[in-house]
Amino acid sequence: MRIGSGFDSHRLVEGRKLVIGAVEIPFEKGLQGHSDADVLCHAIIDSILGALGLGDIGAHFPDTDSRWKDASSIEMLSKTVELMKQNGFDVAWIDSTVIAERPKIGPFIDRMKENIVKAGIPSGLISIKAKTNEAMGFIGRGEGIAAQAICLLRPA
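Residues numbered from 1 in each chain as written. Predicted model: local features only at pLDDT ≥ 70, side-chain atom pairs only at ≥ 80, totals over all residues. Heavy atoms only, no water.

Caption draft 1: Spatial organisation of the pairing of strand β1 (residues 2–13). Across 10 bridges, β1 lies against strand β7 (residues 144–155) in antiparallel orientation. By the bridge assignment, phenylalanine 7 is partnered in β7 with glutamine 148. Summarising the sheet, β1 and strand β4 (residues 30–31) pair through two bridges and their orientation is antiparallel. Looking across to β4, one finds that valine 13 is bridged to glycine 30. (Pairing = 2+ DSSP bridges. Helix = DSSP H or I, 4+ residues; strand = E, 2+ residues; numbered from the N terminus.)

Structure representation (structure tokens):
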């Protein structure tokens, strides 16, 4: 068994779509980043890569590579799942938390899980929780959104 942790945060800006867990969430701002800036997918990717001992998202999907400009992070997650399988592992469990003051994430969690299943993580092996930051810090002021994930892998 192997365990990995992942964390990601992005600034909220005008003129971008808000995409979390490959779900486009209606909101007046979106997350700034090289790809679609999906903090949940990025945290999950980093947790898997960490469990594999293969670096982080920047090493595999660098922001200096134009292929990943405005890319769908769910596609990046699919490629990470393929890499995991090539290295002889399967997901045993993923626990994740999205931290946002606004918008409310809870109503979209089931759709997020469905999208993550489509990326290759078996159904029933992912937990997604939503929390606020109780009006503290950059998240509490509505300047950004963050996510964290812990992944447990088992040999295939």
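Caption draft 2: Summary view of the pattern of salt bridges. Enumeration according to the criterion identifies seven salt bridges in this entry. Among the salt bridges present, the one from aspartate 90 reaches lysine 85, with a minimum N-O distance of 3.9 Å. Under the relative-accessibility criterion, aspartate 90 is labelled partly exposed at 24%. Notably, a salt bridge pairs aspartate 95 with lysine 129, separated by 2.5 Å at the nearest N-O pair. (Salt bridge = Lys/Arg side-chain N within 4 Å of Asp/Glu carboxyl O. Buried < 20%, exposed > 50% of the residue type's maximum accessible area, 1.4 Å probe, protein only.)

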